[in-house]
Amino acid sequence: MSSTQGAGASGKRQDVISWDEFFMSVAIAAQRRSKDPNTQVGACIASTNHRILSVGYNGTPSALNDDFFPWGTSDDPLQDKHNYVVHAEANAVLNYRGSLKDLEGSTVYVTLFPCHDCAKILAQVGIGEVVYLDNKYADTDDGRISRRILDSCGISYRQVIVDVTIGTGRA
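Note that the structure is predicted; figures quoted are calculated from it, not measured.

Caption draft 1: Just the sheet that holds strand β3 (residues 107-112), in detail. Taken in spatial order, the 5 strands of this open sheet run β2-β1-β3-β4-β5, and their pairing is mixed. Each edge of the sheet is formed by a strand with only one pairing partner; in this case those strands are β2 (52-57) and β5 (156-159). In this sheet, neighbouring strand axes are inclined to one another by 15° on average, regardless of whether the strands run parallel or antiparallel. Bridge count for strand β1 (residues 42-46) against β3 is 4 bridges, and the pairing is antiparallel. Bridge pairing in β3 places Ala46 opposite Thr107. Relative to β3, helix α1 (residues 19-31) is tilted by about 50°, and along the sheet it contacts β1, β2, β3, β4 (129-134) and β5.

Caption draft 2: Broad picture of the pairing of β1. Here β1 lies mainly inside the structure; 5 of its 5 residues are buried. Burial along β1 is two-sided: Gly42, Cys44 and Ala46 facing one way and Ala43 and Ile45 facing the other are all buried. Following β1, the chain reverses through 5 residues before pairing antiparallel with β2; His50 in that reversal takes a positive phi of roughly 60°.

Caption draft 3: Examining the layout of surface pockets more closely. Of the pockets and cavities examined, the largest pocket occupies roughly 450 Å³. In terms of lining residues, the largest pocket is bounded by 18 residues, among which Thr39, His82, His87, Leu112 and Tyr137 are the most central. Here the residues of the lining of the largest pocket are counted per class, giving 7 nonpolar, 7 polar and 4 charged. In this structure, the second largest pocket is lined by 16 residues; those nearest its centre are Tyr57, Gly59, Thr60, Pro61 and Ser62. Of all the secondary-structure elements, those providing two or more residues to the lining of the second largest pocket are β2 and α2 (88-95). Top element by residues in the lining of the second largest pocket is α2. It accounts for 3 residues. Residue composition of the lining of the second largest pocket, grouped by class: 6 nonpolar, 7 polar and 3 charged.

Caption draft 4: Spatial organisation of the pairing of β2. Examined bridge by bridge, β1 and β2 share 5 bridges and lie antiparallel to one another. Looking at the pairing, Ala43 lines up with Gly56 of β2.

Caption draft 5: Region of the structure containing the pattern of salt bridges. All told, the structure shown has 8 salt bridges when counted by the stated rule. With a shortest N-O distance of 3.1 Å, Asp66 and Lys35 are connected by a salt bridge. Remark: Lys35 occurs in the loop between α1 and β1 and Asp66 occurs in the loop between β2 and α2; sequence separation between them is 31 residues. Residue classification places Lys35 among the partly exposed positions, given a relative accessible area of 49%. A salt bridge links Lys101 to Glu104, with the nearest nitrogen and oxygen atoms 3.3 Å apart.

Caption draft 6: Summary view of the environment of Ile149. Within the secondary structure, Ile149 sits in helix α4 (residues 141-152). Sequence-wise, Ile149 and Leu122 are 27 residues apart; in three dimensions their C-alpha atoms are separated by 9.8 Å. If sequence neighbours within four positions are ignored, Ile149 has contacts with His116, Ala119, Lys120 and Ala123.

Caption draft 7: How the structure looks around the packing of aromatic side chains. In this structure the tally under the stated criterion is 7 aromatic pairs. Taking 5.5 Å as the distance between ring centres and 20° as the angle between the ring planes, the aromatic pair formed by Trp19 and Phe23 counts as stacked. Of this pair, Trp19 and Phe23 are both found in helix α1, 4 residues apart, which corresponds to roughly one turn of the helix. By relative accessible area, Trp19 is classed as partly exposed at 41%. For the ring pair Phe113 and Tyr157, a centre distance of 5.4 Å and an interplane angle of 80° mean the geometry is edge-to-face. Within this pair, whereas Phe113 is found in the loop between β3 and α3 (116-124), its partner Tyr157 is found in strand β5, the two being separated by 44 residues in sequence. Look at Tyr157 and you get partly exposed, because its relative accessible area is 27%. Three or more aromatic residues joined by ring pairs form one cluster here, namely Trp19, Phe22, Phe23 and Tyr109.

The rules we used
Residues numbered from 1 in each chain as written. Predicted model: local features only at pLDDT ≥ 70, side-chain atom pairs only at ≥ 80, totals over all residues. Heavy atoms only, no water. Pairing = 2+ DSSP bridges. Helix = DSSP H or I, 4+ residues; strand = E, 2+ residues; numbered from the N terminus. Axes fitted to C-alpha atoms, helices over the stretch in contact; angles between N-to-C directions. Contact = heavy atoms within 4.5 Å. Buried < 20%, exposed > 50% of the residue type's maximum accessible area, 1.4 Å probe, protein only. 1 Å grid on protein atoms, 1.4 Å probe; cavity = no way out; pocket = protein on both sides within 12 Å on 5 of 7 lines; lining within 4 Å. Points joined across faces, edges and corners; volume = space filled by probe spheres on them. Nonpolar A, V, L, I, M, F, W, Y, C, P; charged D, E, K, R; others polar. Salt bridge = Lys/Arg side-chain N within 4 Å of Asp/Glu carboxyl O. Phe/Tyr/Trp six-rings, centres within 6.5 Å; stacked < 30°, edge-to-face > 60°.

In short, geometric facts, not functional conclusions.
Spelled out as structure tokens, the structure:
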């Protein structure tokens with residue numbers, strides 16, 4: 001591409017990624033921090049002014065040494081990862097260092113549609129929109145409950161498709 005290709009009248013580059021692509025790429029980068037061997041999820045909360053407010057991924061609480069906790073599922077609650085892992089959306093909210101009031105009307109970008117517990121958290125802090133990459137649990141009771149919570153609270157949601165190779169060094 002020549003230096004003028006994709007340039008507007010002012011000469012600035014026009015072929016930049018969209019805000020959806022940018023924030024979802026941040027969520028994708030965050031999910032790469034997850035140590036869960038089966039499901040890695042990332043979240044990025046963006047303000048209405050297109051500023052990153054917080055980021056999170058699914059993992060154990062920071063005070064726990066995750067080398068000593070299970071990463072699999074089990075009928076034994078003491079050996080089931082679900083009892084120790086904090087979801088990406090919850091971590092993004094917990095990682096935010098400002099006033100939770102600042103999250104009102106913001107958008108959360110998540111690589112996996114929120115579970116019902118995370119939907120409640122997002123509703124409680126006033127998230128205005130959920131933008132998700134995948135919704136593999138859409139046809140489950142949890143997926144239906146999540147959508148019911150979001151719908152009842154007036155939180156919109158939509159899927160976005162982005163090039164998941166952004167920033168991976170892979171073509």
